[in-house]
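# Tertiary structure, described
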Amino acid sequence: MTDVRQDAIEQAWDGVLRTARRTAAEGLVVGTSGNVSARVGDVVLVTPSGVPYDRLGPGDAVGVDLEGRQVLGGLAPTSELPLHLAVYRDSDAAAVVHTHAVHATAVSTLVAEVPLIHYAAAMMGGPVRTAAYARYGTPELADHMLTALRGRTGCLLRNHGTVTYGNTLDEAYDRTAQLEWMCRLWLTASSVPGHRPSLLSPAQLREVQDALEGYGQPG
């Protein structure tokens, strides 16, 4: 392994740990639930199974190839490895975040698609779908997830949680946070007796998507 590649893997692992700890600190996971990964070339760095994030350090990196064969580290990778690998095989993602965020998980039990309560849905590519239920860690769950992710960068997993991806760990995490916030917003608005929240139309969402193409700082 070249020094450049080793440096990239070390930096990516540090980012995986920081992001995983952030999901715990901000209440998106409890205990060792949820998982985070980042891709460096043909190596996927992923949080290990059943180990608290605050116990992991630079020497605990866990890496697999795109077929799931372990190529780095002695700890077993997360049981949700099929989810992560499915995203990398199906997209140009560089990072994946999976959580058990409370409000998003609650919404996953109620709807097949998150109602268009806010234009933040445009940041996911459109209305966020709920993947059909399957047991955690199974190829079936990964297949259901890919169906829900078609044309999107995030989805809900029924009775389970969230999956988002991005070009960076920060982008994947920000999408998770936005998805949880949207779900919390819809639950809050829906809970007011005698009122139904107004929703955006598909045309209004497309208008936001067009506007977002020029959003942010130049360059």
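Counting from 1, residues in each chain are numbered in the order their sequence is written. The predicted nature of this model means local features are confined to residues of pLDDT at least 70 and side-chain atom pairs, given and counted, to a pLDDT of 80 or more, with totals for whole chains, interfaces and linings taken over all residues. The side-chain figures draw on all heavy atoms in the structure; neither hydrogens nor water molecules are used.

### A few points about the side chain of Thr105
Along the chain, Thr105 falls in helix α3 (residues 102-108). When its relative accessible area of 18% is taken as the criterion, Thr105 is described as buried. A polar atom in the side chain of Thr105 sits 2.7 Å from the backbone oxygen of Ala101. Sequence-distant contacts of Thr105, defined by excluding residues within four places in its chain, comprise His100, Asn159, His160 and Gly161. Every helix listed is a DSSP run of H or I at least four residues long, and every strand listed is a run of E at least two residues long, numbered separately from the N terminus. Think of it in three bands: residues with accessible area under 20% of the maximum for their type are buried, residues over 50% are exposed, and the middle band is partly exposed, with areas taken using a 1.4 Å probe on protein chains only. Definition of a polar contact: a pair of N or O atoms within 3.5 Å, with one able to donate and the other able to accept a hydrogen when the atoms are protein atoms, and with sequence-neighbouring residues admitted only if both atoms are side-chain atoms. Residue contacts are counted whenever heavy atoms from the two residues lie within 4.5 Å of one another.

### Here's the deal with the sheet that holds strand β1 (residues 35-40)
The strands that make up a sheet are held in pairs by hydrogen bonds between backbone atoms, and each pair lies either parallel or antiparallel. Strand order in this open sheet of eight strands is β4-β3-β2-β1-β5-β8-β7-β6, and the pairing throughout is mixed. Both outer strands of the open sheet, β4 (70-72) and β6 (130-131), are each paired with one neighbouring strand and no more. The pairing criterion for strands is at least two bridges between them, as found by DSSP. Here four bridges tie strand β7 (residues 154-157) to strand β8 (residues 161-166), and the two strands are oriented antiparallel to one another. Looking at β8, one finds that Gly154 is bridged to Thr164. Axis lines are fitted through C-alpha atoms, for helices just across the contact stretch, and the angle between N-to-C directions can take any value from 0 to 180 degrees. Here helix α5 (residues 169-190) sits on the sheet and contacts β1, β5 (95-99), β7 and β8; the angle it forms with β8, its principal contact strand, is near 145°.

### Examining the environment of Pro52
Mapped onto the secondary structure, Pro52 falls in the loop between β2 (43-46) and β3 (63-64). The spatial distance from the C-alpha of Pro52 to the C-alpha of Gln209 is 38 Å, given a sequence separation of 157 residues.

### Observations concerning the packing of aromatic side chains
Two aromatic rings are characterised by how far apart their centres lie and by the angle between their planes. Pairing of aromatic rings covers Phe, Tyr and Trp, the last counted by its six-membered ring, and requires centre-to-centre distances within 6.5 Å; plane angles under 30 degrees mean stacked, over 60 mean edge-to-face, and any other angle means tilted. Taken as a whole and assessed by the stated rule, the structure comprises zero aromatic pairs. Of note, Arg135 hangs over the ring of Tyr136, and the distance from its end group to the ring centre comes to 5.4 Å. Throughout this description, the term charge over a ring refers to an Arg CZ or Lys NZ atom that lies within 6 Å of the ring centre and within 35 degrees of the ring normal.

### A closer look at the nonpolar core
A general feature of soluble globular proteins is that nonpolar side chains tend to end up buried together. The biggest cluster of nonpolar side chains holds 24 residues, and the ones touching the most others in it are Leu83, Val87, Met145, Cys155, Leu157 and Val163. Ranked by residues supplied to this core, first place goes to helix α2 (residues 81-90) with six residues. One finds Ala120, Met124, Tyr173 and Cys183 within the second-largest nonpolar core, a separate group that totals 21 residues. Nonpolar core, defined: a set of buried Ala, Val, Leu, Ile, Met, Phe, Trp, Tyr and Cys residues in which side-chain atoms within 4.5 Å join the residues together.

### Looking at the environment of His98
With respect to the helices and strands, the residue His98 is situated in strand β5. Taking relative accessible area as the criterion, His98 reaches 2% and is therefore assigned buried. Expressed as a C-alpha distance, the spacing of His98 and Ser108, which sit ten residues apart in the sequence, is 14 Å.

### Let's talk about the pattern of salt bridges
Every case where a carboxyl oxygen of Asp or Glu lies within 4 Å of a side-chain nitrogen of Lys or Arg is listed as a salt bridge. Per the stated rule, a full pass over the model turns up five salt bridges. Two residues, Arg22 and Glu26, come together in a salt bridge whose shortest N-O distance is 3.2 Å. In this structure Glu26 comes out as partly exposed when scored by relative accessible area, which is 47%. Salt-bridge contacts for Glu171 lead to Arg175; the nearest nitrogen and oxygen are separated by 3.5 Å. Highlighted residues: Glu171 and Arg175, both in helix α5, separated by four residues, approximately one helical turn.

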